Amino acid sequence: MNRILKATLAVALLGSAAAHAQEPQVLNLYSARHYYTDEALYNDFTKQTGIVIKRLELKDEALLERLRNEGPRSPADVVLLVDAARLASAQEQGLFQPVKSKILSDRIPAQYTGQDGLWYAFSARSRAIVYNKDTVKPEEVQSYEDLAKPAMKGKVCTRSGSHPYMLSLLSGMIANIGEKKATEWAAGVVANMARAPKGGDTDQIKAVASGECGVALTNTYYWVRMVNSDKQEDKDVVSKVGFIWPNQKTTGAHMNVSGGAVAAYAPNKAAAVKFLEYLASDSAQQYFANGNNEWPTAKGVKTNNPGLEALGPYKADVTPAKTLAANTALSQRIMDKVGYK
Ligand code: FE
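Residues numbered from 1 in each chain as written. Predicted model: local features only at pLDDT ≥ 70, side-chain atom pairs only at ≥ 80, totals over all residues. Heavy atoms only, no water.

Participant: Break down the coordination of the iron ion for me, citing the residues and quoting the values.
Facilitator: Binding of the iron ion to the protein goes through Tyr165 (OH), Tyr221 (OH) and Tyr222 (OH), at separations of 1.9 to 2.0 Å. Taken in sequence order, the residues that donate to the iron ion follow the motif Y-x55-Y-Y. Tyr222 matches Tyr221 in its accessibility class, with the two residues each being buried. (Donors = N, O, S within 2.8 Å, 3.2 Å for Na, K, Ca; no water. Buried < 20%, exposed > 50% of the residue type's maximum accessible area, 1.4 Å probe, protein only.)

Participant: Can you tell me about the environment of Ala84, naming the residues and giving the values?
Facilitator: Structurally, Ala84 can be placed in helix α4 (residues 84–92). Here Ala84 falls in the buried class, since its relative accessible area comes to 0%. Separated by 173 residues in sequence, Ala84 and Val257 place their C-alpha atoms 6.0 Å apart. Residues within four places of Ala84 in sequence aside, it is in contact with Ser168, Asn256, Val257, Ala321, Leu324 and Ala325. (Helix = DSSP H or I, 4+ residues; strand = E, 2+ residues; numbered from the N terminus. Contact = heavy atoms within 4.5 Å.)

Participant: Break down the environment of Lys155 for me, with residues and values.
Facilitator: In this fold, Lys155 is placed in the loop between β5 (120–132) and β6 (156–157). When near neighbours in sequence (up to four residues on either side) are disregarded, Lys155 contacts Thr135, Val136, Asn192, Met193, Ala194, Cys213, Gly214 and Val215. At a separation of 3.2 Å, a polar atom in the side chain of Lys155 contacts the main-chain carbonyl oxygen of Thr135. (Polar contact = N/O pair within 3.5 Å; in protein donor to acceptor, adjacent residues only side chain to side chain.)

Participant: Explain the pairing of strand β7 (residues 215–219) to me, and be specific about the residues and the numbers.
Facilitator: For a regular strand, side chains alternate in direction, first toward one face of the sheet and then toward the other. Where burial is concerned, most of β7 is hidden: five out of the five residues are buried. Judged by which residues are buried, β7 turns out to be covered on both faces: Val215, Leu217 and Asn219 on one side and Ala216 and Thr218 on the other are all buried. Judged from the five bridges that link them, β5 and β7 form a sheet pairing that is antiparallel. Its bridge partner being in β7, Val130 is matched across the sheet by Ala216. Both β6 and β7 contribute to a ladder of two bridges, which runs parallel. Paired with Val156 across the bridge in β7 is Val215. (Pairing = 2+ DSSP bridges.)

Right, here's the structure in full:
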């Protein structure tokens, strides 16, 4: 090589190295969460690590479809999803890769860790009972099982039986009382319905307040959001509705999760693991959970949410989220079998 060419090459190499150093490290985040407070969380991660987050927000189903379609060419590094049933479906479709991290395995309890470290839950929510104070006595609806009893004939409302929140609840019941009794329960709820399933959890709370339904199921954050609302119409709804922590004398209240995973073909795997570890840190945990009135999952992190504290102490079901995930397909078959639309 002549001297001039060598010098040119050296300059070119130096130039490319310099350009590389200036290029910020990037993390592609596919998120089904869309809470204002998450924004601050992502900015804080960038401040701490210098890694810039490029975010794609889609609803859960659309997000999974996108990952499937992109396949090995997907730029996704981290995937954030809501509900064990959806984490299960993504896991089954091979959209995640396992992560081994001492920080994650030390901080996130086994109850909230996916099979083989395929995903980690960063916040928890429960599924509670709400009832109309005029038409239903609280002692009649102390458990999920009570919703299937003859006393609740024509009074029960829920969202669709195919919705992940209902599938995961049934998955928990399969774990606790077995497939046969869980099937009888689902059939019993169908027989007790005040109306065909429709709407989201907030719609069920409103229908309970209006008297159309006597009793319904809701994730806790929808209830807390309504309790905290300044709107007069929400205050009116809340005044007519009672809240019950279910199954306090037996299995405890069903717990579900919102969680994250490293995408199967993550181009920036190291940054992806760093981000999950960051989500497990004390401050990120409080932010992540609080933004949607949820409980932090990491060990030793306390909730800082007065709305959740106001629900009072409760016994939580300890069924692992990975068991809920594993039962999801069976739950869907049971829902179909008993005609839970
Ligand atoms: Fe929700």
